[in-house]
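What the coordinates show
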Amino acid sequence: MGCYYSKFERKEMVSRCKARKRYMKQFVKARNSFSAAHSMYLRSLKNTGAALLQFATAESPLQHHNPPPPAIIPPPPPPPPMSQTSETWTTTSTTNTSSTPLPPPPPPPPSSSTWDFWDPFMPLMEGEKSVRGDEWEVVSATTVSETVAETTSGAAAPLKATSSDETPLELPVVVSSKHKDLIEIIKELDEYFLRAADSGGKLSTLLEIPASSGKINGNGMNLNPFFCSWNSSQRFNGLMKFDCNGMAGIGAVGGSAIPGSHCSTVVRLYEWERKLCEEVKNAESLKTEHEKKSEQLRKMELKKGDYLKIGKAKKEVEKLESRIMVSGQAIESTSQEIIKLRESELYPQLVELVKGLMSMWRSLYESHQVQMHIVEQLKYINNVDLSTEPTTEIHRQSTLQLELEVQQWHLSFCNLVKSQRDYIQSLTGWLRLSLFQFSKNSSTQTKQDSAIYTLCEEWQLVADNAPDNVASEGIKALLNVIHAIVVQQFDEQKQKRRLDSFSKELEKKTMELRALESKYGPSVYSGPDGRITGRVADKRAKVEALRVRVEEEKGKYEKSIGVTRAMTLNNLQLGLPHVFQAVTGFANVWTHAFESVCNQANILEEVKSIMN
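Residues numbered from 1 in each chain as written. Predicted model: local features only at pLDDT ≥ 70, side-chain atom pairs only at ≥ 80, totals over all residues. Heavy atoms only, no water.

**Things to note about the overall build of the chain**
Put simply, the rule reads: Secondary structure follows DSSP: runs of H or I at least 4 residues long count as helices, runs of E at least 2 residues long count as strands, and numbering of each begins at the N terminus. When a residue's accessible area, from a 1.4 Å probe over protein chains only, is under 20% of the maximum for its type it is buried; when over 50% it is exposed; and in between it is partly exposed. We call two residues contacting when some pair of their heavy atoms lies within 4.5 Å. Accessible areas in this description were obtained via Shrake-Rupley with a 1.4 Å probe; residue shielding takes into account the shown protein chains only.
For the chain, the helix and strand inventory stands at 11 helices and 6 strands. Within the chain, buried positions represent 45% of all 612 residues. A fraction of 84% describes how many contacts in the chain between residues 6 or more apart in sequence connect residues 24 or more apart. Of the accessible surface of the chain, which amounts to about 31500 Å², a share of 54% is contributed by carbon and sulfur atoms.

Right, dumping it as structure tokens:
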């Protein structure tokens, strides 16, 4: 940064260095957000599976509470046919508690064209095979011999992913030879939620997520607003521990970053950028001062002023030139430190992060794909398989908890995608400014030779073009149908309170009538006083009218129970297949996208090694 740069160029450099520092500051924050969002998303997967299992348990009390034999419990009347479609059910039934229970819904229609370019959910064509086992068996749609998962034991072999993003991943086909109840189906879903959560273990290590995170105050309460304190499962007694083979939390000790970790590298880059910015501003100040003093000296020499003053001015100019030289050396040294960190630490870390993302989304794809086939069994369940009991407090709490966890799943998914966009955008912005400073050489060649910039540019394209709205809306749709169940349960309990109120009033009025009858006799024609006998008759008429009202409210309440039970099954049959179809599709797209980024990085490394 010698004096030959124009004043405009120097000011532009100061402005550029400030922008670099700002981008790097954003990158530090984005890395923290990315790490937290990754942790929360994996935790939300675990919690959603546990909440679903708790919900299913509440819906099947016969398996856990040892009630009287089924023969004692009168079966509910079969629901009459209705003209409503299952699609309108979730929106209309929440406000109409007196509606007749719906029959099980038809299979959902084929997905819209949003995902048609990779659609893995079309039915098998004629001639394709599948293998039937004792429980679940998952096999490739293209060949029978390649087993993908064995869900009888809960173990699953990884799906094979191709290296080209033009060829879809081999798709598993799940076939069940056994009719399963709701709890069995949800248990299998939960197992794959756990596998999905464990799929991010390697990436958790790279992002330096500790095995136990979140601040705890003196009362033992976790200050993290997303911490789940639900104690109905051991999973919620503490924060999630990632399966990192004992390496979880390797990046931080006591809240301090370990040198060489990604966090440490990013923080040190920011500190160097701050130092560089100060040095550039200082250099600009010195050069401005040098120009001012040089101009004063030139005028003094032209006027042939005092010899001593001219000598003193010359020494000041020479001193400034010396300081400018030292400043330039400091800038060069700091720039070299940034380049060294960027190339020797940051770039390899970014390559590993991309590989970790590819691996995680491939595993998520595998787990969600199996889950998508597992929930197909829901269509074989009907209301007879579920509880016919009224909604209890356990029902309500488990449904509210499920709504909370699915809401958190939706929020954490949105945060995961957004935080990664912020992460790569801030990094690419910093690279764009730091790699292509003012130079006499062409920046085009520099750009072509920069592997880190190419990697981040490809990564940013993946993040910017992510079809996350489809997956986000799929999770939100599940949240909506669960909320509809919550509203219906509230309406059912409201109807129960009405019935209880009228029943208590009937009991009270009946006791008053019996008191009058015991005093004046049961017959309205008995007694010497017609006024009194008329009073007994009037009271009896009111009691009879109230009894009729109680029977009406009882019928409404029983109908409301049926609506709740039918809605519960119907909404699960609608919501769960849709959400797994959506998240499977997103995971498939991102798996291929990150494979492409990894392949590009490998090509650049091969070219670099050949050139060296």
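**Some points on the side chain of Ser44**
Locating Ser44 in the fold gives a position in helix α1 (residues 7–59). Residue Ser44 is classed as buried on the basis of its relative accessible area, which comes to 1%. Those residues within four positions of Ser44 in sequence are excluded, and the remaining contacts are Gln408, Trp409 and Ser412.

**A look at helix α5 (residues 262–302)**
Every α-helical turn comprises 3.6 residues, leaving residues that sit three or four positions apart pointing alike. Note the cut-off: Here, expected helix span is obtained from the residue count minus one, scaled by 1.5 Å.
Taking 1.5 Å per residue, 41 residues should reach 60 Å; α5 reaches 59 Å between its end C-alpha atoms and fits that length. In the stretch just after α5, Lys304 is the one whose phi turns positive, near 50°.

**Concerning the packing of helix α3 (residues 182–198) against helix α6 (residues 307–374)**
Note the following rule: Between N-to-C directions, angles span 0 to 180 degrees; the directions come from axes that are lines fitted to C-alpha atoms, helices contributing only their stretch in contact. By definition in this entry, angles of less than 35 degrees are roughly parallel, angles greater than 145 are roughly antiparallel, angles of 65 to 115 are roughly perpendicular, and the rest are oblique. Gly is put with the polar residues, along with every residue not named as nonpolar or charged; the nonpolar set is Ala, Val, Leu, Ile, Met, Phe, Trp, Tyr, Cys and Pro, and the charged set is Asp, Glu, Lys and Arg.
Interaxial distance between α3 and α6 falls to 9 Å at its minimum, and their mutual angle equals 170°. In terms of their interaxial angle, α3 and α6 are classed as roughly antiparallel. Seen from α3, the contacting residues are Ile185, Glu188, Leu189, Tyr192, Phe193, Arg195 and Ala196; seen from α6, they are Leu364, Ser367, His368, Val370, Gln371 and Ile374. Taken together, the residues that form the contact of α3 with α6 break down as 8 nonpolar, 3 polar and 2 charged.

**Describing the nonpolar core**
Here is a general trend for soluble globular proteins: nonpolar side chains tend to be buried in one another's company. Going by this rule: Nonpolar cores are built from buried Ala, Val, Leu, Ile, Met, Phe, Trp, Tyr and Cys residues. Side-chain atoms within 4.5 Å join them into one set.
Residues Leu350, Trp361 and Leu576 are the most contacted members of the largest nonpolar core, which totals 101 residues. Broken down by secondary-structure element, the contributors of at least two residues to this core are α1, α3, α5, α6, α7 (393–435), α9 (451–464), α10 (468–520) and α11 (530–611). With 18 residues, the top contributor of residues to this core is α6. Not counting residues up to four positions away in its chain, the partners in contact with Leu576 are Leu52, Ile186, Leu189, Val375, Leu378, Leu478 and Asn571. Grouped together as the second largest cluster of nonpolar side chains are 10 residues, Leu506, Leu513, Val536 and Val543 included.

**Focus: the confidence of the model for the chain**
Rules: Confidence of the predictor in every single residue is expressed as pLDDT, which spans 0 to 100.
In the predicted model, the chain carries a mean pLDDT of 74, and the fraction of residues at 70 or more is 67%. Least confident of the elements in the chain is strand β2 (residues 147–150), whose mean pLDDT is 33; most confident is α7, at 95. A low-confidence stretch, residues 130–175 stays under pLDDT 50, and its non-local contacts, those more than four residues away or across chains, total 117 contacts. This stretch, residues 212–258, has a pLDDT under 50; its non-local contacts, to residues over four places away or in other chains, come to 85 contacts.

**Quick word on the packing of aromatic side chains**
Put simply, the rule is: Geometry of aromatic contacts follows a simple scheme: Phe, Tyr and Trp rings, the Trp one being its six-membered ring, pair when their centres are within 6.5 Å, and the pair is stacked under 30 degrees between planes, edge-to-face over 60, tilted otherwise.
Counted by the stated rule, this structure contains 11 aromatic pairs. Between the aromatic rings of Phe34 and Tyr423, the centroid separation amounts to 5.2 Å while the plane-to-plane angle is 55°, which identifies the pairing as tilted. Of this pair, Phe34 sits in helix α1 while Tyr423 sits in helix α7, placing them 389 residues apart in sequence. Grouping residues by exposure puts Phe34 and Tyr423 together as buried.

**As for the environment of Ala196**
Topologically, Ala196 is positioned in helix α3. Taking the C-alpha atoms as reference points, Ala196 and Trp361, 165 residues apart in sequence, are found 9.1 Å from one another. Once residues lying within four places of it in the same chain are set aside, the contact partners of Ala196 are Leu42, Leu45, Leu364, Ser367 and His368.

**Describing the pattern of salt bridges**
To keep things clear, this is the line we draw: Salt bridges are counted wherever a side-chain nitrogen of Lys or Arg sits within 4 Å of a carboxyl oxygen of Asp or Glu.
In total, this model carries 25 salt bridges according to the counting rule given. Ionic pairing is found between Glu289 and Lys293, a salt bridge with its closest N-O pair at 4.0 Å. Within this pair, Glu289 and its partner Lys293 are both found in helix α5, separated by 4 residues, close to a single helical turn. Since its relative accessible area comes to 31%, Glu289 is described here as partly exposed. Assessed through its relative accessible area of 22%, Lys293 is described here as partly exposed. The structure contains a network of salt bridges with shared partners spanning Arg498, Arg549, Glu553 and Lys556.

**A word on the environment of His395**
Tracing the chain through its elements places His395 in helix α7. With relative accessibility at 2%, the residue His395 sits in the buried group.

**Focus on a nonpolar patch on the surface**
Our working rule: In this analysis, a patch consists of residues with relative accessible area above 30% that form no salt bridge, clustered at 9 Å for like charges and at 5 Å for the nonpolar side chains Val, Leu, Ile, Met, Phe, Trp and Tyr.
On the surface, a cluster of nonpolar side chains totalling about 300 Å² of accessible area is made up of Ile603, Val607 and Met611. Structurally, Val607 is set in helix α11. Taking relative accessible area as the criterion, Val607 reaches 40% and is therefore assigned partly exposed.

**With respect to the side chain of His262**
As for its position among the elements, His262 is in helix α5. For His262, a relative accessible area of 4% corresponds to the buried category. With residues near it in sequence (within four places) discarded, His262 still touches Phe27, Arg31, Leu206, Glu208, Leu346, Gln349, Leu350, Leu353 and Tyr423.

**So, the environment of Phe594**
Mapped onto the elements, Phe594 comes out in helix α11. Under the relative-accessibility criterion, Phe594 is labelled buried at 0%. The spacing of Phe594 and Gly356 is 238 residues in sequence and 9.3 Å in space, taken between C-alpha atoms.

**Some words on the packing of α7 against α9**
The condition that has to hold: Crossings are classed by handedness, with left-handed meaning an anticlockwise turn of the near helix from the far one by less than a right angle and right-handed meaning a clockwise turn.
The contact between α7 and α9 brings their axes to 9 Å, and the two run at 145°. The interaxial crossing formed by α7 with α9 has left-handed handedness. For the pair α7 and α9, the contacting residues are Gln420, Arg421, Tyr423, Ile424, Gln425, Leu427, Thr428, Leu431, Arg432 and Leu435 in the first and Ile452, Tyr453, Cys456, Trp459, Gln460, Ala463 and Asp464 in the second. Class assignment for the residues of the contact of α7 with α9 results in 10 nonpolar, 4 polar and 3 charged.

**Structural notes on α9**
The end-to-end C-alpha distance of α9 is 20 Å, a good match for the 20 Å that 14 residues give at a rise of 1.5 Å each. Counting buried positions along α9 gives 10 out of 14 residues, so the element sits mostly inside the fold. Restricting attention to buried positions, one finds in α9 the residues Ala451, Ile452, Tyr453, Thr454, Leu455, Cys456, Trp459, Gln460, Val462 and Ala463.

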